[in-house]
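# Observations on the model geometry
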Amino acid sequence: MNPDEGPVQEKPRRILQQPQGPRIVFFDEELETEARAIESVVPQQGPLSGKRSVAFSLTFSLIGATIWALVSFLTGYQVGIVAIVIGLLAGYGAARGGRGPFAQKVGAVSAGIGYFMGQWLLILFHSSDATWGPEAYTAFLKAAPEIFGHIARITFSGMDALFLGFAVYEGYRIPGLK
């Protein structure tokens, strides 16, 4: 810099205010044009709603649990593709509240809950075959968590772990897709 010339004037900076997020300062008009072009192509995502994500994910996973229990009860087999459906439903429900790491965790946990609720419903379906009075059925419902825990410890196998893994993976994967 030559002392005779005085201070160098900077080009005026253009400041772009984002609707949701930090201010972006552009020093170059060409760079701003490129950023605008990219923004117009990339879809904007709404804010994440944790409550909505949890509510939809649990609701959809319970629908999947009911499907799992009905198919297993009617066919006598636990069909693995239905476990994947539980995960898909839970993941889709979690994504209804937004996408990202939180929604992925919600989808995975809801898929696991849906899988075990399906197993619990299957036990209830099998117990409904018996001719019980209302008192016996009420007693069964009160003891159901303990009964389910005992049955799960006895019957949980490698295939069950595989089905549970499929459900949890799909519940985690779906909300992360963009």
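Our subject is the structure listed above.
Keep in mind that what you see is a predicted model, and the values were worked out from it rather than measured. (Residues numbered from 1 in each chain as written. Predicted model: local features only at pLDDT ≥ 70, side-chain atom pairs only at ≥ 80, totals over all residues. Heavy atoms only, no water.)

### Some remarks on the packing of aromatic side chains
Keep this limit in mind: Stacked, edge-to-face and tilted are the three classes for Phe, Tyr and Trp ring pairs, Trp counted by its six-membered ring, which pair at centre distances within 6.5 Å; planes under 30 degrees apart are stacked, over 60 edge-to-face, the rest tilted. Secondary structure is summarised from DSSP: a helix means a run of H or I of at least four residues, a strand means a run of E of at least two, and numbering begins at the N terminus for each. Note on classification: 1.4 Å probe, protein chains only; a residue is buried when its accessible area is under 20% of the maximum for its type, exposed when over 50%, partly exposed between these limits. Distance and angle both matter: a charge sits over a ring if NZ of Lys or CZ of Arg is within 6 Å of the ring centre and within 35 degrees of the ring normal.
Counting across every chain of the model gives five aromatic pairs. Between Phe60 and Tyr92, the ring centres sit 5.9 Å apart and the planes meet at 5°, which makes this aromatic pair stacked. In this pair, Phe60 is assigned in helix H2 (residues 50–75) and Tyr92 in helix H3 (residues 80–95), connecting sequence segments 32 residues apart. With relative accessibility at 16%, the residue Phe60 sits in the buried group. Taking relative accessible area as the criterion, Tyr92 reaches 45% and is therefore assigned partly exposed. Residues Trp68 and Phe163 carry aromatic rings whose centres are separated by 5.9 Å and whose planes lie at 75° to one another, so their mutual orientation is edge-to-face. Here the residue Trp68 occupies a position in helix H2, and Phe163 occupies one in helix H6 (residues 158–173), the gap between them amounting to 95 residues. Each member of the pair, Trp68 together with Phe163, is buried. An aromatic cluster is defined as three or more aromatic residues linked by ring pairs; in this entry it consists of Trp68, Tyr115, Phe116 and Phe163. The ring of Phe56 carries the charged tip of Arg96 above its face, separated from the ring centre by 4.7 Å.

### Some details on the nonpolar core
Cut-off, in case you're wondering: The term nonpolar core refers to a set of buried residues drawn from Ala, Val, Leu, Ile, Met, Phe, Trp, Tyr and Cys, joined through side-chain atoms within 4.5 Å. Any two residues having at least one pair of non-hydrogen atoms within 4.5 Å are treated as being in contact.
By size, the foremost hydrophobic cluster in this structure holds seven residues: Trp68, Val82, Ala83, Ile86, Tyr115, Phe163 and Leu164. At the level of elements, H3 and H6 are the ones that each hand at least two residues to this core. For this core, the element with the most residues is H3, which contributes three residues. In this structure, Phe163 is in contact with Trp68, Gln78, Gly80, Ala83 and Tyr115, ignoring residues within four places of it in sequence. Among the nonpolar cores identified, the runner-up in size contains five residues, and Ala65, Ala69, Leu122 and Leu124 belong to it.

### A short note on a nonpolar patch on the surface
Heads up, the rule is: Within this analysis, patches are made of residues with over 30% relative accessible area and no salt bridge. Like charges are joined at 9 Å or less; nonpolar side chains (Val, Leu, Ile, Met, Phe, Trp, Tyr) at 5 Å or less. Areas reported as accessible are Shrake-Rupley estimates using a 1.4 Å probe. Residue values count occlusion only from the protein chains shown. Each reported salt bridge corresponds to a side-chain nitrogen of Lys or Arg within 4 Å of a carboxyl oxygen of Asp or Glu.
Taken together, Ile63, Ile67, Tyr77, Val79, Ile81 and Val85 make up a surface patch of nonpolar side chains, about 540 Å² in accessible area. Those elements that provide at least two residues to the nonpolar patch are H2 and H3. Residue class for Val79 comes out partly exposed when judged on its relative accessible area of 30%.

### Remarks on the pattern of salt bridges
Scanning the entire structure with this criterion turns up one salt bridge. Between Glu170 and Arg173 there is a salt bridge; the shortest N-O distance is 2.9 Å. Here Glu170 pairs with Arg173, and both are found in helix H6, just three residues apart, close to one helical turn. We classify Arg173 as partly exposed; its relative accessible area is 28%.

None of the figures reported here should be taken as evidence of function without further support.
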